[in-house]
There are 2 protein chains.
Amino acid sequence: MINVSQIKDAHERIKPYIHCTPILKSTQLNNLLGCELFFKAENLQKVGAFKARGACNAVFSLSDESVPHGVITHSSGNHGAALAWASGLRGLPCTVVMPKNSPQAKIDAVIHYGAELVFCESNMRARELTVTNLINQSGAHLVHPYDEYEVIAGQGTAALELFTQLTYPVDVVMAPIGGGGLLSGSALVAKSDEINYLPHVIGAEPEGAKDAWQGFKSGERISQFSPETIADGLRATVGLRNFKIICNQVDDILLASEERIVEAMKLIWSRLKVVVEPSAAVPLACIMEEPEKFYGQRVAIILTGGNLDLDQLPW
Amino acid sequence: MINVSQIKDAHERIKPYIHCTPILKSTQLNNLLGCELFFKAENLQKVGAFKARGACNAVFSLSDESVPHGVITHSSGNHGAALAWASGLRGLPCTVVMPKNSPQAKIDAVIHYGAELVFCESNMRARELTVTNLINQSGAHLVHPYDEYEVIAGQGTAALELFTQLTYPVDVVMAPIGGGGLLSGSALVAKSDEINYLPHVIGAEPEGAKDAWQGFKSGERISQFSPETIADGLRATVGLRNFKIICNQVDDILLASEERIVEAMKLIWSRLKVVVEPSAAVPLACIMEEPEKFYGQRVAIILTGGNLDLDQLPW
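The model shown is predicted, which means the values in this text are computed figures rather than measured ones.

A. Representation of the overall build of chain A in the model. Regarding its fold elements, chain A presents 12 helices and 10 strands. Scaling as 2.2 N^0.38, a compact globule of 315 residues should have a C-alpha radius of gyration of about 20 Å, and chain A matches this with 18 Å. Reported as C-alpha extents along the three principal axes, the dimensions of chain A are approximately 55 × 40 × 40 Å. Counting across all 315 residues of chain A, residues that qualify as buried make up 61%. Within chain A, counting contacts between residues at least 6 apart in sequence, those at least 24 apart form 73% of the total. Surface accessibility of chain A: about 11500 Å² in total, with carbon and sulfur atoms responsible for 47%. Each charge class in chain A was averaged separately, 26 positive and 34 negative side chains, and the resulting centres sit 3 Å apart.

So this is what it looks like as structure tokens:
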């Protein structure tokens, strides 16, 4: 298992390489929704996403002996770019398997950071099968995009930083769920003794990719499904380790429609003046679906990333 | 006249109301342009622009006796919203005269902050005439958008903050020029004894609104001209006080084409993950026009604002 002390270790390990991203606020947004929102802007993180944290921690946790043939992963985009970037810092070769319907900006980033790129079909089975075949050929070390403790610990450092930046307690911490790396890491921090109050931790998922929601409500993890959502970063199936932590530590998972996700995304762009990808807008979209649940509360949201094709905006 | 001590006073005065905005960096952008860029993200400032600083300082510098009938201004948008916001903090009525071709987002902001809005033609003569007529009727106090020492002092606080945030010296500080409030305030800081080295200060102007450039090169201020540029925030004529300071303290003014401004704007969105309006992209556009001038240098750029219509992007 894993707890907050590994997340603190991860933070010490990755600090020299990552940004401490700012907290953004908007009075207009607060007035509009009737709650006080704090946005941790991980879209301003290295490689434009919180994924830099987990990949960096995983890469720098590996012994030299375990990576004679470099590292490999499958990713809808941001983890791929993050692993390419982090392995570059350590001088390791890197291969990234990506669904062929990934946004061009994310494909370009993986290439830019110098990884070898292999395309596959857009489902978990294809992603995992392609990676397994490549590992059998090359002997590369798999750094899973979320179902791995070093990755979860790395992602948890965003929440760790968030709590040191907040000047007073929040009622709720929200993060989107794709594979569940960020949400599980955030929950481990929020529910630990490090925080001397007990914020609710709420996951946010698109209705078109609600495998984590279904699993959370039924107690049974969904292992295969076909996501249909604009939130390309959340099309993954929630991981085994992540699901366990989420069931133990997360208070609820909420859903948002596609229309609401686009509306929330545009609101973030126009009010916070930052570029976020659709996945990053899902927590705000969930609040917009049921604002009465959040009236008068202080809510911290992790804005997960800002990588998308500026020529293909959904409005 | 004015010097850095008024700017320090202004900073103390406005600190409770404004954000200390972050400095953004992008390794990819640095590699692309061959210099090291530091972006002071004033698009993340209150009202989405550095203009909050000058308006706030002006409003809180006024005695109760001088504003029995509130305040008034003319503005291409951001100063209007800023004055509406700042006068609201002090409970003063506010009127804003805006060119009728201002972006809808800027018009909406002025209304949102509760000011009375009056439209005029899009030239300086119409702006000034309309304001004069309204002052004659109402007795409101004019807070000029840039040609006023309290406003210049307020805008200068962005550079003051910038220098405390930089961990090592920069070779160049760049800001766009509309009326010259930000550039003159920045120059007063950069060339003061507060900074124990002597960075170059460079203004950036669109080719389609190069009145400051013409004045700077000829030594004679241009008082009337017809700007044609996408950079709606820079369509104003450089002010008298601003021109004097710029001639004394600024090292050079560079120009950028319309195409380059749009290219720079898109590059900022995609690499820095922040929403900036066209005016904010002009300094980067100037570097892209002549990158050889900046090779190997450390350059700080003030990103002035992020207010624009997301439904009408120039790409």
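B. Structural context of the pattern of salt bridges. If you walk through the whole model with that rule in mind, you get 34 salt bridges over all chains. Taking the shortest distance from any N to any O, the salt bridge between Glu161(B) and Lys40(B) comes out at 2.6 Å. Of this pair, Glu161(B) sits in helix H7 (residues 149–165) while Lys40(B) sits in strand S2 (residues 36–41); the two residues are 121 residues apart in sequence, bridging distant segments of the chain. On the basis of relative accessible area, Glu161(B) is assigned to the buried category, the value being 3%. With its nearest N and O atoms 3.3 Å apart, the salt bridge here joins Arg260(B) to Glu263(B). In this pair, Arg260(B) and Glu263(B) both sit in helix H11 (residues 258–272), three residues apart, roughly one turn of the helix. Judged by its relative accessible area of 26%, Arg260(B) is partly exposed. Classification of Glu263(B) by relative accessible area gives partly exposed; the value is 40%. Among the ionic contacts, a cluster of salt bridges with common partners joins Lys40(A), Glu42(A), Arg53(A) and Glu161(A).

C. Examining the relation of the copies chain A and chain B more closely. Here chain A sits on chain B after a turn of 180 degrees about the axis and a move of 0.0 Å along it, with an RMSD of 0.0 Å. In short, the pair behaves as if placed about a two-fold rotation axis. Among all residues of chain A, the one whose C-alpha sits closest to the rotation axis is Val274(A), at a distance of 2.0 Å. In this assembly, 100% of the residues forming the interface of chain A have copies in chain B that are likewise at the interface, indicating an isologous arrangement.

D. Representation of helix H10 (residues 240–249) of chain A in the model. Residue and element names in this part refer to chain A. Among the residues making up H10, those that are buried are Asn242, Phe243, Ile245 and Ile246. The buried residues of H10 occupy an angular sector of 165 degrees when projected down its axis, which confines them to one face. Every exposed residue of H10 that faces more than 90 degrees away from the buried side is listed here: Leu240, Lys244 and Asn248. Where H10 is buried, its residues touch helix H7 (149–165), helix H8 (181–190), helix H9 (211–218) and strand S9 (252–256).

E. How the structure looks around the interface of chain A and chain B. The interface of chain A with chain B comprises 23 residues on the first partner and 23 residues on the second. Overall, the association of chain A and chain B removes approximately 1900 Å² of surface from exposure, summing both partners, and the carbon and sulfur fraction of that is 58%. Contact with chain B buries surface across chain A, with Gln28(A), Lys273(A) and Leu310(A) losing the most and accounting together for 32% of the total. At the surface where chain A touches chain B, the tally comes to two salt bridges. Our count for the contact surface shared by chain A and chain B stands at 14 residue pairs in polar contact (both at pLDDT 80 or more). When residues of the side of chain A that touches chain B are traced back to their parent elements, those giving at least two are helix H2 (27–33) and helix H11 (258–272) of chain A. With four residues, H11(A) is the largest single contributor of residues to the side of chain A that touches chain B.

F. Here's a closer look at the domain arrangement of chain A. All names here are of chain A. Looking at chain A, the domain boundaries give domain 1 (4–50 + 148–312) and domain 2 (52–142). If you look at the interface, domain 1 gives 34 residues, while domain 2 gives 24 residues. In total, about 2400 Å² of surface goes out of reach between domain 1 and domain 2, with carbon and sulfur atoms giving 55% of it. For domain 1, the biggest contributors to the area lost against domain 2 are Tyr17, Val47 and Gln224; these three give 25% of the whole. Counting every contact that joins domain 1 to domain 2 gives 16 residue pairs in polar contact (both at pLDDT 80 or more). Of all the elements in the fold, those that place two or more residues in the side of domain 1 that touches domain 2 are helix H1 (4–14) and H7.

G. Representation of the packing of helix H3 (residues 51–61) of chain A against helix H4 (residues 78–89) of chain A within the structure. Residue and element names in this part refer to chain A. Orientation of H3 relative to H4, taken along the N-to-C sense of each, is 40 degrees, at an axis distance of 8 Å. Overall, the two elements H3 and H4 adopt an arrangement that is oblique. The two elements H3 and H4 cross, and the hand of that crossing is right-handed. Facing H3, whose interface residues are Lys51, Ala52, Ala55, Cys56, Val59 and Phe60, H4 presents Asn78, His79, Ala82, Leu83, Trp85, Ala86, Ser87 and Leu89. Residues belonging to the contact of H3 with H4 are distributed by class as follows: 10 nonpolar, three polar and one charged.

H. Focus on the environment of Val151(B). Residues and elements named next belong to chain B. With respect to the helices and strands, the residue Val151 is situated in helix H7. For Val151, a relative accessible area of 0% translates into the label buried. Residues Val151 and Ala52 lie 99 residues apart in sequence; the distance between their C-alpha atoms is 9.7 Å. Dropping the residues within four chain positions of it, Val151 is found in contact with Gly54, Ala58, Val143, His144, Pro145 and Tyr146.

I. View of the confidence of the model for chain A. Looking at chain A, pLDDT values average 96 and 100% of them are 70 or higher. Both scores are given for the predicted complex: the pTM is 0.95, the ipTM 0.93.

J. Spatial organisation of the sheet that holds strand S5 (residues 116–120) of chain B. Residues and elements named next belong to chain B. Spatially, S5-S4-S3-S6 is the arrangement adopted by the four strands of the open sheet, whose pairing is parallel. Unpaired on one side and paired on the other, S5 and strand S6 (141–142) mark the two borders of the sheet. As paired elements, strand S4 (residues 94–99) and S5 share five bridges and run parallel to each other. Across the sheet, the residue bridging to Val97 is Val118, located in S5. Those strands touched by helix H6 (residues 124–138) are strand S3 (71–74), S4, S5 and S6, and its axis lies near 165 degrees from that of S3.

K. Representation of the pairing of S2(B) within the structure. Residues and elements named next belong to chain B. For S2, the buried fraction is high: six of the six residues fall into the buried class. Where burial is concerned, the two faces of S2 agree: the one with Glu36, Phe38 and Lys40 and the one with Leu37, Phe39 and Ala41 are both buried. Bridge count between strand S1 (residues 23–24) and S2: two bridges; the pairing is antiparallel. Its bridge partner being in S2, Ile23 is matched across the sheet by Lys40. Summarising the sheet, S2 and strand S10 (residues 298–303) pair through six bridges and their orientation is parallel. Looking at S10, one finds that Phe39 is bridged to Ile301.

What counts, and at which threshold
- Residues numbered from 1 in each chain as written.
- Chains lettered and ligands numbered in written order.
- Predicted model: local features only at pLDDT ≥ 70, side-chain atom pairs only at ≥ 80, totals over all residues.
- Heavy atoms only, no water.
- Helix = DSSP H or I, 4+ residues; strand = E, 2+ residues; numbered from the N terminus.
- Rg over C-alpha atoms; globule rule 2.2 N^0.38 Å.
- Buried < 20%, exposed > 50% of the residue type's maximum accessible area, 1.4 Å probe, protein only.
- Contact = heavy atoms within 4.5 Å.
- Areas by Shrake-Rupley, 256 points an atom, 1.4 Å probe, with all protein chains shown as cover.
- Lys, Arg positive; Asp, Glu negative; His and termini not counted.
- Charge placed at Lys NZ, Arg CZ, Asp CG, Glu CD.
- Salt bridge = Lys/Arg side-chain N within 4 Å of Asp/Glu carboxyl O.
- Least-squares fit on C-alpha atoms with pLDDT ≥ 70 in both.
- Arc of directions from axis to C-beta.
- Buried area = accessible area lost by both parts, 1.4 Å probe.
- Polar contact = N/O pair within 3.5 Å; in protein donor to acceptor, adjacent residues only side chain to side chain.
- Domains from an automatic or database assignment.
- Axes fitted to C-alpha atoms, helices over the stretch in contact; angles between N-to-C directions.
- Parallel < 35°, antiparallel > 145°, perpendicular 65-115°, else oblique.
- Left-handed = near helix turned anticlockwise from the far one by under 90°.
- Nonpolar A, V, L, I, M, F, W, Y, C, P; charged D, E, K, R; others polar.
- pLDDT = per-residue confidence, 0-100.
- Pairing = 2+ DSSP bridges.

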